[in-house]
There are 2 protein chains.
Amino acid sequence: MATIIDVAKLAGVSTATVSRVVNNTGKVRSATRKRVMNAIKELNFSPNVSAQTLQSKQSKTIGMVFPDASSLYFSEIIRGICNYVNQFGFQIMIGSAHDEEEELKTAVRFLNGHTVGGLVIMAPSSKNEELFALPINHSTPVVFISVPPVKAGTTSIVLDNFKMSIEMTKHLIKLGHRDIAFINGSPHNYDSKRRYAGYLKALQENGIEVNSDFTVDGNFTEDSGYRTCLKLCELTSRPTAIFAANDAMAIGAIEAVKDSGLRVPEDIAIVGFDDISTSQYITPALTTVRVPLFNLGQVVGKTLLQKIDTNYEKNIAVAERIVIPLKIIIRESCGSQLKR
Amino acid sequence: MATIIDVAKLAGVSTATVSRVVNNTGKVRSATRKRVMNAIKELNFSPNVSAQTLQSKQSKTIGMVFPDASSLYFSEIIRGICNYVNQFGFQIMIGSAHDEEEELKTAVRFLNGHTVGGLVIMAPSSKNEELFALPINHSTPVVFISVPPVKAGTTSIVLDNFKMSIEMTKHLIKLGHRDIAFINGSPHNYDSKRRYAGYLKALQENGIEVNSDFTVDGNFTEDSGYRTCLKLCELTSRPTAIFAANDAMAIGAIEAVKDSGLRVPEDIAIVGFDDISTSQYITPALTTVRVPLFNLGQVVGKTLLQKIDTNYEKNIAVAERIVIPLKIIIRESCGSQLKR
DNA sequence: TATATTCATGTAAGCGTTTACATTATTTAA
DNA sequence: TTAAATAATGTAAACGCTTACATGAATATA
């Protein structure tokens, strides 16, 4: 492979000049620029990224660590990040982590090797202080996805779960429901918690007392939605509506209701959260909240690049929190279209 | 951040010795090793990856390029690759590509920057000669996923689509079906083609004439499965069974049959391919072929690392092809459980 | 025309490692 | 004991690039 020296020789200039034309920095006479360009083309030269990183002390790769549990959402988010950062010549390095401990380890690995110029951490279930201290301890720009509001120096991007959950619950209430159950996702998951909080808030605002039988715990899988919903259906006084913390569970719940010999939405209305692609095809089509994952990824990319770009020292102390707006998608499973 | 020089100074040795203990190469007296280890710990030293890569000319990161269209399968495969290669200190860099052209560009970008020691390319729909020539032109180990058998020097890992498709079709035939339709995936997709080929083969082997009305073209989405199946249902002499090239389309097809006022599997049996998580919860539960994506990823990782490790020059000329075995999962949608 | 100013290019050090080779310390053999 | 063999460590060049600084060329100013 050709190096910058080969190019310099062929073009009859110094490596400094070649570097200047490659990076478009400093002044170069247009005639020499042309000579250099030709040499580059002829030798099919492209700069060695390791050498650049080593010398400039600025890495153009960003690390992304994501837990296995989030793999459903992963590829869309990654696509969004890629889409944004590639424009600026940044690459993405990923590390999957089985649990919290591994998550921290993966992040530290990225940081220690000086391989990354910034980090994206998706850790919706983590309460690991060390993880959140990473940006300060390593003075590296980090963007967190779906984490609770935390200390200074932490930039996080979250979904507008609370607000939309309130709206969705109100929608159900407006439809006449007062016995509304909620299927939680994984116990420590931040998104799930906020969605539940919104549900409670809406009940409270409407003077509906919380029935503890109506809160059940799933783990975001279709299967858990199925199983918990089955129990709900067996209750002597069963709910007339069910709000699942994500679509996968909502879909499982729909199956459970059907298998209990009941109808959705006539006997039990069901709504979800995420708007995964299946939701529009299932019968009845699922009423849910659309989460724009690709867009989320783009915002994450943009935010991180900003952090990397601006004089980081200045920025390090301000906690920043960006909330991604969401949208309710009304379909059939909530029963709005039912004539009564 | 501490460098190897700082460590050397603190331990009172040369950088060479530090390097030797870090990499476990060459002989070091155990007393000095201990001194060096302590210094490393005290300074929290870890080697700069860029410097290592630059000097050793061996990158411990592998690139993975995948098309947007494959994003459904992406995260599981990546998890598998990660799981394997992390053990050996390798990192994964990913690039998503919108189309074929971009796919090639992304791959070349990885190669040019000398950032990667090997490449995984998922290009089930590509017929781009340049893409397949990459490993030779850049003399870099490349593993392709789901591509047709191609020239020398190409290592590819594919699913046992053809065989399983034959088996699945035979299963349907054994159940008494002779009017079996097939819903294709995207037109140029290799997996889809092989699955279709297996279907045709099974028909032929059983002396069943191919009815051209019974081959329809979808694009792997639930929606396309729904739409194409609707047409199938409207046929004056409609099929009694439908084989969809993937589960998403099969699920769409199930909805379409229901919406046509028909029953699955009584009126029309439906089978798919992939065994995505939804398949077991849909009603009726989908009979399909399980594709072990995580495992596929592991095999990909292992194969690539082998290629990187062995003296690559020797290996470059041999085309290698690994076939991942699959397994049929019989559930309800094919009607096996029906009493007749 | 002489001088100051600006522009274009070159020189060379340094980024943090690894490793071939040289040197010194230690052990073994005679 | 001493020479030979081996083990442990050090020296310094190289990997491919960027950039501060030095230098030389071209242009503007007086």
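Residues numbered from 1 in each chain as written. Chains lettered and ligands numbered in written order. Predicted model: local features only at pLDDT ≥ 70, side-chain atom pairs only at ≥ 80, totals over all residues. Heavy atoms only, no water.

**Focus on the protein's contact with DNA strand C**
Now for step 1: Arg29(A), Gln55(A), Ile4(B), Ser19(B) and Gln55(B) are the nearest of the 28 residues found near DNA strand C.
Now for step 2: In the model, a phosphate oxygen of DNA strand C is placed 2.9 Å from a nitrogen or oxygen of the Thr17(A) side chain.
Now for step 3: In this structure, a phosphate oxygen belonging to DNA strand C sits 2.6 Å away from a side-chain N or O atom of Ser19(B).
Now for step 4: Secondary structure elements with two or more residues in the surface near DNA strand C: α2 (15–23) and α4 (49–56) of chain A together with α2 (15–23) and α4 (49–56) of chain B. (Near = heavy atom within 4 Å. Polar contact = N/O pair within 3.5 Å; in protein donor to acceptor, adjacent residues only side chain to side chain. Helix = DSSP H or I, 4+ residues; strand = E, 2+ residues; numbered from the N terminus.)

**Concerning the sheet that holds strand β2 (residues 91–97) of chain A**
Now for step 1: The mixed open sheet is built from 12 strands, whose spatial order is β11(A)-β5(A)-β4(A)-β3(A)-β1(A)-β2(A)-β2(B)-β1(B)-β3(B)-β4(B)-β5(B)-β11(B). The sheet is open, and its two borders are formed by β11 (320–324) of chain A together with β11 (320–324) of chain B, each paired with just one other strand. Put simply, the sheet's adjacent strands are angled 20° from each other on average, direction ignored.
Now for step 2: Where strand β3 (residues 118–122) of chain A and strand β4 (residues 142–145) of chain A come together, four bridges link them in parallel fashion. Residue pairing across strands places Ile121(A) opposite Phe144(A), the latter belonging to β4(A). (Pairing = 2+ DSSP bridges. Axes fitted to C-alpha atoms, helices over the stretch in contact; angles between N-to-C directions.)

**A word on the domain arrangement of chain A**
One frequent convention defines the size of an interface as the accessible area lost when the parts assemble.
Residue and element names in this part refer to chain A.
Now for step 1: For chain A, the assigned domains read domain 1 (4–47), domain 2 (59–159 + 293–325) and domain 3 (161–291).
Now for step 2: The distance between the C-alpha centroids of domain 2 and domain 3 comes to 30 Å.
Now for step 3: Interface area, domain 2 with domain 3, both sides summed: about 970 Å², of which 53% is carbon and sulfur.
Now for step 4: On the domain 2 side of the contact with domain 3, Tyr73, Pro124 and Leu159 bury the most area, a combined 46% of that side's loss. (Domains from an automatic or database assignment. Buried area = accessible area lost by both parts, 1.4 Å probe.)

**A closer look at the protein's contact with DNA strand D**
Now for step 1: In the vicinity of DNA strand D there are 26 residues, among which Ile4(A), Ser19(A), Gln55(A), Ser14(B) and Arg29(B) approach most closely.
Now for step 2: Expressed as a percentage, the sugar and phosphate content of the atoms of DNA strand D within 4 Å of the protein is 68%.
Now for step 3: Interatomic distance of 3.1 Å between a side-chain N/O atom of Gln52(A) and a phosphate oxygen of DNA strand D.
Now for step 4: Mapped by element, the contributors of at least two residues to the surface near DNA strand D are α2 and α4 of chain A together with α2 and α4 of chain B.
Now for step 5: Tallied by class, residues from the surface near DNA strand D come to nine nonpolar, 13 polar and four charged. (Nonpolar A, V, L, I, M, F, W, Y, C, P; charged D, E, K, R; others polar.)

**What to know about the pairing of strand β1 (residues 61–67) of chain A**
Sheet faces and side chains relate simply in a regular strand, where the side chains alternate between the two faces.
All names here are of chain A.
Now for step 1: The buried fraction of β1 amounts to seven of the seven residues, a majority that puts the element mostly inside the structure.
Now for step 2: With burial as the criterion, each face of β1 is covered, one bearing Thr61, Gly63, Val65 and Pro67 and the other bearing Ile62, Met64 and Phe66.
Now for step 3: Relative to β2, β1 is paired through seven bridges, and the arrangement is parallel. Its bridge partner lying in β2, Phe66 is registered against Ser96.
Now for step 4: In terms of handedness, the path from β1 via helix α5 (residues 71–85) over to β2 forms a crossover that is right-handed.
Now for step 5: Bridging between β1 and β3 involves four bridges; their strand directions are parallel. Each bridged residue has a counterpart across the sheet, and for Met64 the counterpart in β3 is Val120. (Buried < 20%, exposed > 50% of the residue type's maximum accessible area, 1.4 Å probe, protein only. Right-handed = clockwise from strand over helix to strand, strands pointing away.)

**What to know about the interface of chain A and chain B**
Now for step 1: Across the contact, 41 residues belong to chain A and 42 residues belong to chain B.
Now for step 2: Applying the counting rule to chain A against chain B returns two salt bridges.
Now for step 3: Between Arg79(B) and Asp68(A) there is a salt bridge whose closest N-O contact spans 3.0 Å.
Now for step 4: Our count for the chain A to chain B interface comes out at 14 residue pairs in polar contact (both at pLDDT 80 or more).
Now for step 5: Counting only elements with at least two residues in the side of chain A that touches chain B, the list comes to α4, β1, α5, β2, α6 (100–112), α10 (222–234) and α11 (247–259) of chain A.
Now for step 6: The element that contributes the greatest number of residues to the side of chain A that touches chain B is α5(A), accounting for seven residues.
Now for step 7: Considering only residue class, the side of chain A that touches chain B consists of 15 nonpolar, 18 polar and eight charged.
Now for step 8: Across three bridges, the pairing between β2(A) and strand β2 (residues 91–97) of chain B is antiparallel. Each residue of the ladder has a partner; that of Ile94(A), found in β2(B), is Ile92(B). (Contact = heavy atoms within 4.5 Å. Salt bridge = Lys/Arg side-chain N within 4 Å of Asp/Glu carboxyl O.)

**Some thoughts on helix α1 (residues 4–11) of chain B**
Three or four residues apart is the spacing at which side chains of an α-helix point the same way, because the helix has 3.6 residues per turn.
Residues and elements named next belong to chain B.
Now for step 1: Those residues of α1 lying buried are Val7, Ala8 and Ala11. The buried residues of α1 occupy an angular sector of 100° when projected down its axis, which confines them to one face.
Now for step 2: Here α1 starts with a cap whose side-chain oxygen sits 3.1 Å from the backbone nitrogen of Ile5, and that cap is Thr3.
Now for step 3: Just downstream of α1 lies Gly12, where phi reads positive at about 70°. (Arc of directions from axis to C-beta.)

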